[in-house]
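# Topology and contacts: notes
Listed below, chain by chain, are the residues.
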Amino acid sequence: MHKPLILIVEDDAPIRNLIATTLKANDYRFITALTGESAVAETATHNPDIVLLDLGLPDLDGIEVIKQIRSWSNTPIIVISARTEDTDKIEALDAGADDYLTKPFSVNELLARLRVTQRRLSLMQNTAQQAIYENHQLKIDYANGCAYLQEKELSLTPIEYKLLCVLAQNTGKVLTHKFILQHVWGNSWESNMGSLRVFMASLRKKLVKEPNAPQYIQTHVGIGYRMMKIDE
Ligand code: CA
């Protein structure tokens, strides 16, 4: 099987070495870049499966690196940052990052984020052309506009259904409130900030039939939501 190639963008040598050692021990291949400009160049040359990107780089700001890569590539980008402010995470996600890790992070957390991103990629490749979305006991029939949980049709309002579709189409990816609002409400998104929480709460309630049932929708406080890929 093909070992995933990870581009590590980090100017801080101890952290870069920690990530490299972790990847090596877990069957990943990796290349490294120490600056923003070389990150963009390495992505173009080697087409990595995932980019791990530090935001504080000596030349370009990490956000600028995300924007440049996103102008021509969909390669997943996981931000690794010492910036703990929610606004920085939101800025990175809005610029096109797929996920974020805050320093200091544990090696296990890094590996978990890589797995989530890889699952999302394979899910996207498998479902790109399909009219039916399936995730554990959740099913969406896009052609007929219906969703099912454990084979039973869910009774969803049009807004709840739209929310579910936006999340499902980005399974594994953290979506900001702004992203979700723009995709569900379009131009009137700013006036619907308050509605989002209400509709999301009712949607989540409908997706959990039993107390120990898997949580499909994960909340990122102050940032947004993510549809999780639930393993069988
Ligand atoms: Ca740095």
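For the structure itself, consult the block above.
Quick look at the structure, then.

Rules of the game
- Residue numbers restart at each chain and count upward from 1, following the sequence in its written direction.
- Under the rules for a predicted model, residues below a pLDDT of 70 receive no local features and side-chain atom pairs below 80 are neither given nor counted, while totals for whole chains, interfaces and linings still include all residues.
- Only hydrogens and water are set aside; all other atoms, that is, all heavy atoms of the structure, feed into the side-chain values.
- With water omitted from the atoms examined, metal sites may look incomplete; donors here are N, O and S atoms no farther than 2.8 Å from the metal, or 3.2 Å in the case of Na, K and Ca.
- Strands are runs of DSSP state E lasting at least two residues, helices are runs of H or I lasting at least four, and both sets are numbered from the N terminus onward.
- Residue exposure (1.4 Å probe, protein chains only): buried if accessible area is under 20% of the type maximum, exposed if over 50%, otherwise partly exposed.
- It only takes one pair of heavy atoms within 4.5 Å for two residues to be counted as in contact.
- For helices, the axis comes from a line fit to the C-alpha atoms of the stretch in contact; other axes are also lines fit to C-alpha atoms, and the angle between any two N-to-C directions lies between 0 and 180 degrees.
- For classification, angles of less than 35 degrees are called roughly parallel, those exceeding 145 degrees roughly antiparallel, those between 65 and 115 degrees roughly perpendicular, and all remaining angles oblique.
- Definitions for this section: a left-handed crossing has its near helix turned counterclockwise from the far helix by less than a right angle. A right-handed crossing has that turn clockwise.
- When residue character is reported, Ala, Val, Leu, Ile, Met, Phe, Trp, Tyr, Cys and Pro are called nonpolar, Asp, Glu, Lys and Arg charged, and the others, Gly included, polar.
- One speaks of a salt bridge when a side-chain nitrogen belonging to Lys or Arg is within 4 Å of a carboxyl oxygen belonging to Asp or Glu.

## Overview of the coordination of the calcium ion
Coordination of the calcium ion by the protein is provided by Asp11 (OD), Asp54 (OD) and Gly56 (O), with metal-donor distances spanning 2.2 to 2.4 Å. Each donor residue of the calcium ion lies on one chain, and together they are spaced D-x42-D-x1-G. Placement of the pair is Asp11 in the loop between strand S1 (5-9) and helix H1 (13-25) and Asp54 in strand S3 (residues 50-54), with a sequence separation of 43 residues. Assessed through its relative accessible area of 4%, Asp54 is described here as buried.

## Looking at the environment of Thr32
As for its position among the elements, Thr32 is in strand S2 (residues 29-33). Overall, the relative accessible area of 33% leaves Thr32 in the partly exposed class. Along the sequence, Thr32 and Ile66 sit 34 residues apart, while their C-alpha atoms lie 16 Å from each other. Discounting chain neighbours no more than four positions away, the residues touching Thr32 are Leu7, Ile8, Arg16 and Glu42.

## Some words on the packing of helix H3 (residues 62-70) against helix H4 (residues 86-95)
Two elements in contact, H3 and H4, have axes whose closest approach is 9 Å; the angle formed by their N-to-C orientations is 15 degrees. In terms of orientation, H3 lies roughly parallel with respect to H4. Remark: the crossing between H3 and H4 carries right-handed chirality. Each of Ile63, Ile66, Lys67 and Arg70 in H3 lies in contact with H4, whose residues at this interface are Asp88, Glu91, Ala92 and Ala95. Looking at side-chain class alone, the contact of H3 with H4 contains four nonpolar, no polar and four charged residues.

## A closer look at the pattern of salt bridges
Tallying each qualifying case throughout the model produces twelve salt bridges. As a salt-bridge pair, Asp98 and Lys173 come within 3.6 Å of each other at their nearest N and O atoms. With Asp98 in the loop between H4 and strand S5 (99-102) and Lys173 in the loop between helix H6 (158-168) and strand S10 (175-176), this residue pair connects regions lying 75 residues apart in the sequence. For Lys173, a relative accessible area of 16% translates into the label buried. Residues joined by salt bridges that share partners form a network here, namely Arg70, Asp98, Arg120 and Lys173.

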